[in-house]
Amino acid sequence: MLLTHATLATMTAGYGLIRDAAVALDGDRIAWTGPMADLPAEHSGQTTLNVQGRLITPGLIDCHTHAVHAGHRAAEFEMRLQGASYEEIARSGGGILSTVTATRAASEAELLAFALTRIDQLMASGVTTVEVKSGYGLTVEDELKMLRAARRIPDRKPINVLTTHLAAHAIPPEYKGKPKAYISEVAIPSLRTGQAEGLIDAVDAFCETIAFSTEDLAPLFAEARALGLPVKLHAEQLSDQGGAAFAARHGALSADHLEYLSPEGIAAMAATGTVAVILPGAFYTLRETQLPPIAALRAAGVPMAVATDLNPGSSPLASLTLAMNMACTLFRLTPEEALLGTTAHAARALGLKDRGRIAPSLRADLCIWDADHPAELSYRIGATPLHARIFGGLLVA
Ligand code: DI6
Ligand code: FE
């Protein structure tokens, strides 16, 4: 296929904007891109789609979601509106643990069906690659069930899925007060089995007073590295636990949330090239007031990604373009940073080198937007100006 008359945001250097551009595809790869005037003759005979000046960007990448889970937590939303905090709800056995109860009761097929609705919503905002975490099973079998459900999503929808093992998300009631035993008896065994079954792309954990300390997590991250799996971490979301620096010491792909990130954490991330994944949906939902240190991350040259954190508790947000809007308005990212955050930098947060930009040999995952400038994607609130997606070289709408 040959796409012509496009406004192209290649995301190769900033927006990498090219007007009157063409993109030639070869199977599921990009073969050529540049100004139409420079189109090599070999591509001019291909099946042509004239996009009539519309904006084309790389397919968006949502690099942090909990899209596989059962149930919802609208009752907690009401409790928070009456003054209860996220931590209070978690400590009284609600929060993540209420989703654990619902997820344990669901079958793999049910979890897949629940996820597909959410995946449809993400795709409608332009997502072509999504990361999905486990973390609501908290037994070996239930964690594997979540990962298997996530891995089945691409059989049903035109989207790429990367799966992250997040057994260290919360301490289940049967291990209350025994985080180290939970890590050695559930988290590590589920990691080993999941890796043996080829179900895991990365390992994540929740480092927080209501979850795990860096000391609890050290054996899990050591095991991940022994298995050759990259790590990432929910760090400094509600308090500064030194999580980002701990993650960076383990060569983490990303540290995520980061509202309470310290200067030392920023320096550690900058030194290892760890991506800062910012999650404005959780900030918004929890009415957090501590802003992540965006200006300092920018000054230190830490790449920033933006994701939905789609989950039933702290971020029931299923639009990646709305996450971009929130990142700009709440956190003062520029629209260019927001789009880099859902393309090139999101790919990096997942360790992917074959997508997130428009350039020869990369995957032909693209979005065609009813927009003429990329800033429009962040500027609109809850609008989905998506015209069509191209997934693996095929027009999938
Ligand atoms: N931080 C979050 O924002 C999500 N997980 C985490 O560690 C919330 C998950 C939930 O509340 O269900
Ligand atoms: Fe999360």
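Fair warning: this is a prediction, and the values are worked out from it, not measured in the lab.

A.B. asks: Is there a simple way to think about the coordination of the iron ion (ligand 2) in this case?
C.D. replies: A four-donor tetrahedral metal ideally has 109.5 degree angles, and a six-donor octahedral metal ideally has angles of 90 or 180 degrees. The iron ion (ligand 2) binds to the protein through H64 (NE2), H66 (NE2), H234 (NE2) and D309 (OD), with metal-donor distances spanning 2.1 to 2.3 Å. If you look at the iron ion (ligand 2), its four donor atoms make angles of 83 to 167 degrees with each other, and the shape they trace is irregular.

A.B. asks: Got a minute to help me understand the pattern of salt bridges in this structure?
C.D. replies: When the charged atoms of two side chains with opposite charge come close together, those side chains can pair. Considering all chains together, one arrives at 19 salt bridges under this definition. Here R148 and E141 are joined by a salt bridge, their closest N and O atoms 3.6 Å apart. In this structure E141 comes out as partly exposed when scored by relative accessible area, which is 48%. Among the charged side chains, a network of salt bridges with common partners joins E131, K133 and D204.

A.B. asks: Would you mind showing me how to read the site of ligand 1 here?
C.D. replies: The immediate surroundings of ligand 1 are formed by 14 residues, with R73, Y86, Y136, H169 and S314 found nearest. At a separation of 2.5 Å, an oxygen atom of ligand 1 approaches a polar side-chain atom of Y86.

A.B. asks: Sorry if this is basic, but what is going on with the sheet that holds strand β10 (residues 232-235) here?
C.D. replies: Strand pairing in a sheet relies on backbone hydrogen bonds. The paired strands run either parallel or antiparallel. Overall, parallel pairing links the four strands, which are arranged β10-β11-β12-β13 in an open sheet. Two strands close off the open sheet at either side, each with one partner strand: β10 and β13 (304-306). On average, each strand axis in the sheet is inclined to that of its neighbour by 25 degrees, with strand direction left out of account. Each of β12 (275-278) and β13 is contacted by helix α12 (residues 320-331), which is oriented at about 130 degrees to β13, the strand it contacts most.

A.B. asks: In this structure, what is going on with the environment of I153? I would like to understand it.
C.D. replies: Mapped onto the fold, I153 is located in helix α5 (residues 140-156). For the pair I153 and I119, spaced 34 residues apart in sequence, the C-alpha to C-alpha distance is 8.4 Å. In this structure, I153 is in contact with V68, L112, A115, L116, I119, V132, I159 and V161, ignoring residues within four places of it in sequence.

A.B. asks: Would you mind showing me how to read the domain arrangement of the chain here?
C.D. replies: Interfaces are often described in size by the accessible area the parts lose on coming together. With domains assigned, the chain is organised as domain 1 (2-58 + 357-395) and domain 2 (60-349). On a C-alpha basis, the centroid separation for the pair domain 1 and domain 2 is 30 Å. Taken together, the 24 residues of domain 1 in the interface contact 23 residues of domain 2. Interface area for domain 1 against domain 2, summed over the two sides, is near 1,800 Å², with a carbon-plus-sulfur share of 64%. Run the count over domain 1 and domain 2 and you get zero salt bridges. For the pair domain 1 and domain 2, the number of links is seven residue pairs in polar contact (both at pLDDT 80 or more). Taken together, the elements giving at least two residues each to the side of domain 1 that touches domain 2 come down to β5 (55-58), β14 (366-369), α15 (375-379) and β15 (386-391). Partitioned by chemical class, the residues of the side of domain 1 that touches domain 2 number 14 nonpolar, five polar and five charged.

A.B. asks: Hey, could you run me through unusual backbone geometry in this one?
C.D. replies: As a rule of thumb, non-glycine residues mostly have phi less than zero, and peptide bonds are mostly trans rather than cis. Positive phi, normally seen in glycine, also occurs at M11, with a value near 60 degrees. Tracing the sequence through the fold places M11 in the loop between β1 (2-9) and β2 (17-26). What makes M11 buried here is its relative accessible area of 1%. Although it is not a glycine, Q52 sits at a positive phi angle of roughly 55 degrees. Inspection of the secondary structure assignment puts Q52 in the loop between β4 (48-50) and β5. With relative accessibility at 63%, the residue Q52 sits in the exposed group.

A.B. asks: How should the nonpolar core be read in this particular structure?
C.D. replies: What tends to happen in soluble globular proteins is that the nonpolar side chains get buried as a cluster. Formed by 101 residues in total, the largest nonpolar core has its most connected members in V68, I153, Y182, I183, L217, L220 and L233. Looking at which element gives the most residues to this core, the answer is α12, with eight residues. Setting aside residues up to four positions removed in sequence, L233 forms contacts with D204, A205, C207, L217, F221, G243, F246, A247, S254, A255 and D256. Residues A6, I56, I358 and A388 belong to the second largest nonpolar core, which totals 17 residues.

Cut-offs applied
Residues numbered from 1 in each chain as written. Chains lettered and ligands numbered in written order. Predicted model: local features only at pLDDT ≥ 70, side-chain atom pairs only at ≥ 80, totals over all residues. Heavy atoms only, no water. Donors = N, O, S within 2.8 Å, 3.2 Å for Na, K, Ca; no water. Tetrahedral: all angles 85-135°; square planar, octahedral: opposite > 155°, others 65-115°. Salt bridge = Lys/Arg side-chain N within 4 Å of Asp/Glu carboxyl O. Buried < 20%, exposed > 50% of the residue type's maximum accessible area, 1.4 Å probe, protein only. Near = heavy atom within 4 Å. Polar contact = N/O pair within 3.5 Å; in protein donor to acceptor, adjacent residues only side chain to side chain. Pairing = 2+ DSSP bridges. Helix = DSSP H or I, 4+ residues; strand = E, 2+ residues; numbered from the N terminus. Axes fitted to C-alpha atoms, helices over the stretch in contact; angles between N-to-C directions. Contact = heavy atoms within 4.5 Å. Domains from an automatic or database assignment. Buried area = accessible area lost by both parts, 1.4 Å probe. Nonpolar A, V, L, I, M, F, W, Y, C, P; charged D, E, K, R; others polar. Core = buried A, V, L, I, M, F, W, Y, C linked by side-chain atoms within 4.5 Å.

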